[in-house]
Amino acid sequence: MAKVHVFDHPLIQHKLTYIRDKNTGTKEFRELVDEVATLMAYEITRELPLMEKEIDTPVCKATSNVLAGKKLGIVPILRAGIGMVEGILNLIPAAKVGHIGLYRDPETLLPVEYYIKLPSDVSERHFILVDPMLATGGSAIAATDSLKKRGAKNIQFMCLIAAPEGVKAFTEAHPDVDVYIAALDEKLDEKGYIVPGLGDAGDRLFGTK
Ligand SMILES: O=P(O)(O)OC[C@H]1O[C@H](OP(=O)(O)OP(=O)(O)O)[C@H](O)[C@@H]1O
Ligand SMILES: O=c1cc[nH]c(=O)[nH]1
Ligand SMILES: [Mg+2]
């Protein structure tokens with residue numbers, strides 16, 4: 001069964017409070033999402049494999065650890081996922097970036113895929129799929145389906161805020177994909193918005209409301 005990790009680091013929680021605040025403007029919202037994505041990436045990469053390397057320090061020969069060269073891919077779910085990419089690349093600058101374009105139909109709440117472009121070596125890569133919001137779970141489930149259909153075997157899903165309904169649906173659909181969230185909120189409202197949430201993540205990031 002998928003593991004669900006909730007990051008309760010004080011810096012993440014502090015920044016998330018200002019991300020939620022409706023009085024936070026687009027510029028600050030973007031900066032805060034970027035910063036939280038970096039902090040989450042630090043936590044999410046904790047298990048990356050290391051290998052030993054022989055080096056010469058100014059004092060002597062030594063054996064020390066470096067990353068074992070795992071091929072990483074970051075995949076934002078458009079649009080809102082884009083806001084988390086730079087923050088992760090700050091820590092993993094060599095990662096490849098794929099894109100999955102999905103929007104949630106406002107009537108049915110079902111995801112509609114309109115774009116996909118992934119690195120060519122999908123089956124060899126470890127993917128971090130990112131989206132600020134896991135609401136009904138439809139978008140994250142469809143994006144993970146899309147990745148798997150193209151050969152992805154190793155996926156982690158990272159989001160800022162999740163609703164219990166979304167976590168349940170996602171972990172049931174993809175029990176092999178661990179989920180990393182900054183906050184688990186109370187519920188969904190009748191329009192499928194997360195309560196208390198942060199509103200529409202894409203609109204707040206890009207100033208389209
Ligand atoms: O879990 P779900 O119920 O599927 O909802 C979550 C999705 O909704 C938002 O995207 P939206 O459809 O608003 O697209 P946008 O990023 O282009 O604004 C959000 O960024 C997720 O992708
Ligand atoms: O609360 C929500 C739910 C879905 N998408 C968002 O951007 N916000
Ligand atoms: Mg949106």
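- As annotated in an unreviewed UniProt entry, the chain carries the name Uracil phosphoribosyltransferase and is attributed to Sporosarcina siberiensis.
- Recorded under Function (unreviewed entry), the UniProt text for the chain is reproduced unchanged: "Catalyzes the conversion of uracil and 5-phospho-alpha-D-ribose 1-diphosphate (PRPP) to UMP and diphosphate."
- The Catalytic activity (unreviewed entry) comment attached to the chain in UniProt states, word for word, "UMP + diphosphate = 5-phospho-alpha-D-ribose 1-diphosphate + uracil".

1. A look at the nonpolar core
Item 1. Ile 19, Met 40, Ile 88, Met 158 and Leu 160 are the most contacted members of the largest nonpolar core, which has 38 residues in total.
Item 2. If you list the elements that add at least two residues to this core, you get helix 1 (10-20), helix 2 (26-44), strand 4 (72-78), helix 3 (85-89), strand 8 (126-130), strand 10 (154-162), strand 11 (178-184) and helix 6 (201-206).
Item 3. Looking at this core, the element that brings in the most residues is helix 2, giving eight residues.
Item 4. Ignoring sequence-local partners within four residues, the contact set of Ile 19 consists of Phe 29, Leu 32, Val 33, Val 36, Leu 160, Leu 198 and Arg 204.
Item 5. Counting residues in hydrophobic clusters, the runner-up holds 24 residues, among them Leu 118, Phe 127, Ala 140 and Ala 152.

2. Quick look at the confidence of the model for the chain
Item 1. Averaged over every residue, the pLDDT of the chain is 96; the share at 70 or more is 100%.
Item 2. Overall fold confidence (pTM) sits at 0.95, and the ipTM for the predicted complex is 0.97.

3. Overview of helix 5 (residues 164-173)
Item 1. Within helix 5, burial applies to Gly 166, Val 167, Phe 170 and Thr 171. One side of helix 5 holds all its buried residues, which, seen down the axis, span an arc of 115°. Residues of helix 5 that are exposed and point over 90 degrees away from its buried face: Lys 168 and Glu 172.

4. Here we look at unusual backbone geometry
Among all residues save glycine, negative phi is the norm, and among peptide bonds the norm is trans.
Item 1. Here the residue pair Leu 78 and Arg 79 is connected by a cis peptide bond, since its omega of -5° sits within 30 degrees of zero.
Item 2. Mapped onto the secondary structure, Arg 79 falls in the loop between strand 4 and helix 3.
Item 3. Cis geometry is found at the peptide bond from Val 195 to Pro 196, where omega equals 0°.
Item 4. Mapped onto the fold, Pro 196 is located in the loop between strand 13 (194-195) and helix 6.
Item 5. Positioned with a positive phi, Leu 109 is a non-glycine residue whose angle comes to about 65°.
Item 6. For Leu 109, the position within the fold is in the loop between strand 6 (99-104) and strand 7 (111-117).

Cut-off values and rules
- Residues numbered from 1 in each chain as written.
- Chains lettered and ligands numbered in written order.
- Predicted model: local features only at pLDDT ≥ 70, side-chain atom pairs only at ≥ 80, totals over all residues.
- Heavy atoms only, no water.
- UniProt positions renumbered as here; feature names shortened; annotations may be inferred.
- Core = buried A, V, L, I, M, F, W, Y, C linked by side-chain atoms within 4.5 Å.
- Buried < 20%, exposed > 50% of the residue type's maximum accessible area, 1.4 Å probe, protein only.
- Helix = DSSP H or I, 4+ residues; strand = E, 2+ residues; numbered from the N terminus.
- Contact = heavy atoms within 4.5 Å.
- pLDDT = per-residue confidence, 0-100.
- Arc of directions from axis to C-beta.

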